[in-house]
Amino acid sequence: MNLDDEKKAFHYAVYDTVSRIPHGNVTTYGHIAYLIGRPQNSRQVGSSLKHLRYIRERLNQEGAGLGEVPWWRVVNSAGIISPRNFGEFEQATLLRGEGVVVSERHKMDLEQYGWFPDDVE
DNA sequence: AATGTGACTTGGG
DNA sequence: TCCCAAGCCACAT
């Protein structure tokens, strides 16, 4: 897979911005897109996070010096964890570990998959 | 090279 | 409220 400079810049901007989300807080894909000056590219923000492990390593090999990127602090515009083939449970666990509570509505979403969180907003 | 997929969001009907 | 089309574009096949 090749990464041209423009794509690398986008990934870097996303990771750098997500890294600034404080512990115990969350924000949205759309807001990250807005903050990096590409308000129409929220979908690509999700893509960057999806490929985080692979791409961050690659950027760091080129000297980016990116630390841990708290990808779990990014949720969708509805304020819930984006469903994605069961990968959302790890995110829910990480957020709960930071004291982030689960909304009543989201709780129902998760229960459909057999997950029953205790903390409810 | 071409097409499919998707960790998204917004606006309109 | 719900549903859908558009806009956008990185990655996978």
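Before any of the text, the structure's been laid out above.
What you see is a predicted model; the values in this text were computed from it and never measured.

What counts, and where the lines are drawn
- Residues numbered from 1 in each chain as written.
- Chains lettered and ligands numbered in written order.
- Predicted model: local features only at pLDDT ≥ 70, side-chain atom pairs only at ≥ 80, totals over all residues.
- Heavy atoms only, no water.
- Near = heavy atom within 4 Å.
- Polar contact = N/O pair within 3.5 Å; in protein donor to acceptor, adjacent residues only side chain to side chain.
- Helix = DSSP H or I, 4+ residues; strand = E, 2+ residues; numbered from the N terminus.
- Nonpolar A, V, L, I, M, F, W, Y, C, P; charged D, E, K, R; others polar.

In this structure, what is going on with the protein's contact with DNA strand C? I would like to understand it.
Close to DNA strand C lie 12 residues; Lys7, His11, Asn41, Gln44 and Ile55 are nearest. When atoms of DNA strand C within 4 Å of the protein are sorted by moiety, sugar and phosphate together comprise 81%. The contact in question runs from a phosphate oxygen of DNA strand C to an N or O atom on the side chain of histidine 11, over 2.4 Å. A distance of 2.7 Å separates a base oxygen of DNA strand C from a polar atom in the side chain of glutamine 44. At the level of secondary structure, the elements contributing two or more residues to the surface near DNA strand C comprise α1 (5-18) and α3 (42-50). A per-element tally of the surface near DNA strand C places α3 first, with 3 residues. Its residues assigned to classes, the surface near DNA strand C comprises 3 nonpolar, 6 polar and 3 charged.

Looking at this structure, I do not really get the protein's contact with DNA strand B. What am I missing?
Surveying the vicinity of DNA strand B reveals 15 residues, the closest of which are Arg43, Lys50, Ser77, Ser82 and Arg84. Lysine 50 places a polar main-chain atom, nitrogen or oxygen, 3.4 Å from a base nitrogen of DNA strand B. For DNA strand B, a phosphate oxygen lies 2.7 Å from a polar atom in the backbone of serine 77. Within the residue set of the surface near DNA strand B, elements represented by two or more residues are α2 (29-35) and α3. A per-element tally of the surface near DNA strand B places α3 first, with 6 residues. Its residues assigned to classes, the surface near DNA strand B comprises 4 nonpolar, 8 polar and 3 charged.

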